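Overview (structure and organization)
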Amino acid sequence: MIRGEIGAVGLADWWLSEFTADEREYIESVYQPIGVGASNPRPLTQGTVEFTGLTATFLLTCLATWFTQPGDRPLARRILAKAEQESTTEPDVLTLHSFWEVKRRVYYADWETDPGALQIAIHACEQQIAIAPVAIQKMKLLYSTSAIPKHSGYQQLAMIRAQQKNYSEAIRLCQIARDQGWKGDWDKQIARYQKQQGRRNDEVKS
């Protein structure tokens with residue numbers, strides 16, 4: 001019987017069918033959350049879960065972050081695929097914010113070697129941006145203004161659009177992120193993209 005975190009969120013069947021025995025052994029050897037390993041070296045499948053707010057999306061998102069090195073990213077992708085399925089019923093917007101952040105990071109890391117990775121990373125940015133207004137409002141309720149983090153979805157997508165010479169869209173994204181209150185040097189980025197846009201316009205005219 002599968003217990004632990006996997007069992008607590010009802011993912012036992014997925015765990016057994018998605019991964020081979022060797023893969024499961026490897027995943028459990030890598031996944032060692034601080035403060036848990038000493039008392040339970042296999043928190044994924046053994047022991048009792050005391051975290052009452054644990055959901056499948058939250059667990060899988062956290063689990064994927066342990067497999068972001070190049071050789072491990074295929075595992076992270078499979079974990080995130082299940083997290084995305086589970087996310088359709090995830091009630092917490094901050095968990096969704098974190099999920100899209102991790103998916104963006106995992107796929108963007110392979111954009112040079114995987115032809116489809118960039119578009120998936122862009123989609124993750126767009127999904128994270130779509131929930132940004134609600135996410136930051138909840139953050140403002142829970143944290144002080146100084147604790148509001150950067151929004152990598154806005155930052156990454158703005159950079160990609162600038163690389164595609166779509167400077168007006170890059171500027172627009174930075175302006176929205178700044179106005180919503182996400183931490184970052186948005187004004188500097190806007191100025192940089194405006195400068196690049198000016199040079200581009202001069203090139204077109206000449």
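What you see is a predicted model; the values in this text were computed from it and never measured.

Before going further, it helps to spend a moment on the environment of Ile79. For Ile79, the location among the structural elements is in helix α5 (residues 73-87). In this structure the C-alpha to C-alpha distance between Ile79 and Thr57, which are 22 residues apart in sequence, comes to 9.8 Å. In this structure Ile79 touches Trp14, Phe19, Leu60, Leu63, Ala64 and Phe67, once residues within four positions along its chain are discounted.

Turning our attention to the side chain of Arg24. Here Arg24 is to be found in helix α3 (residues 21-30). Buried Arg24, no salt bridge; nearest opposite-charge side chain is Glu28, N-O distance 6.6 Å. For Arg24, the residues in contact, after removing those within four places along its chain, are Trp15, Leu16 and Phe19.

Going through the model one piece at a time under the given rule, you end up with six aromatic pairs. Each ring, one from Tyr31 and one from Trp66, has its centre 5.6 Å from the other, and the planes form 75°; the classification is edge-to-face. Taken together, the residues span a long stretch of sequence, with Tyr31 in the loop between α3 and α4 (56-64) and Trp66 in the loop between α4 and α5 at a distance of 35 residues. Given the relative accessible area of 6%, Tyr31 is considered buried. An aromatic cluster is present here, built from Trp14, Trp15 and Phe19 joined pairwise through their rings.

The next thing to look at is the nonpolar core. Among the nonpolar cores identified, the biggest contains 57 residues, and Trp14, Ile27, Leu44, Ile79, Tyr154 and Trp182 are the most heavily contacted of them. If you tally residues by element for this core, the top one is helix α6 (residues 93-108), at nine residues. Here Trp14 is in contact with Ile6, Phe19, Leu60, Arg78, Ile79 and Lys82, once residues within four sequence places are set aside.

Going through the model one piece at a time under the given rule, you end up with 15 salt bridges. Glu86 is the partner of Lys82 in a salt bridge, and the nearest nitrogen-oxygen pair spans 3.4 Å. Here Lys82 and its partner Glu86 are both found in helix α5, four residues apart, which amounts to about one turn of the helix. Residue class for Glu86 comes out partly exposed when judged on its relative accessible area of 22%. The salt bridge partner of Glu101 is Arg104, with a shortest N-O separation of 2.9 Å. Here Arg104 and Glu101 lie together in helix α6, a separation of three residues that amounts to about one turn. Just as Glu101 is buried, Arg104 falls in that class too.

Here we come to α4. The buried fraction of α4 amounts to seven of the nine residues, a majority that puts the element mostly inside the structure. Listing the buried residues of α4 in full gives Ala56, Thr57, Leu59, Leu60, Thr61, Leu63 and Ala64. Packing partners of the buried residues in α4 comprise α1 (4-8), α2 (12-18), α3, α5 and α6.

The rules behind these values
- Residues numbered from 1 in each chain as written.
- Predicted model: local features only at pLDDT ≥ 70, side-chain atom pairs only at ≥ 80, totals over all residues.
- Heavy atoms only, no water.
- Helix = DSSP H or I, 4+ residues; strand = E, 2+ residues; numbered from the N terminus.
- Contact = heavy atoms within 4.5 Å.
- Buried < 20%, exposed > 50% of the residue type's maximum accessible area, 1.4 Å probe, protein only.
- Lys, Arg positive; Asp, Glu negative; His and termini not counted.
- Salt bridge = Lys/Arg side-chain N within 4 Å of Asp/Glu carboxyl O.
- Phe/Tyr/Trp six-rings, centres within 6.5 Å; stacked < 30°, edge-to-face > 60°.
- Core = buried A, V, L, I, M, F, W, Y, C linked by side-chain atoms within 4.5 Å.

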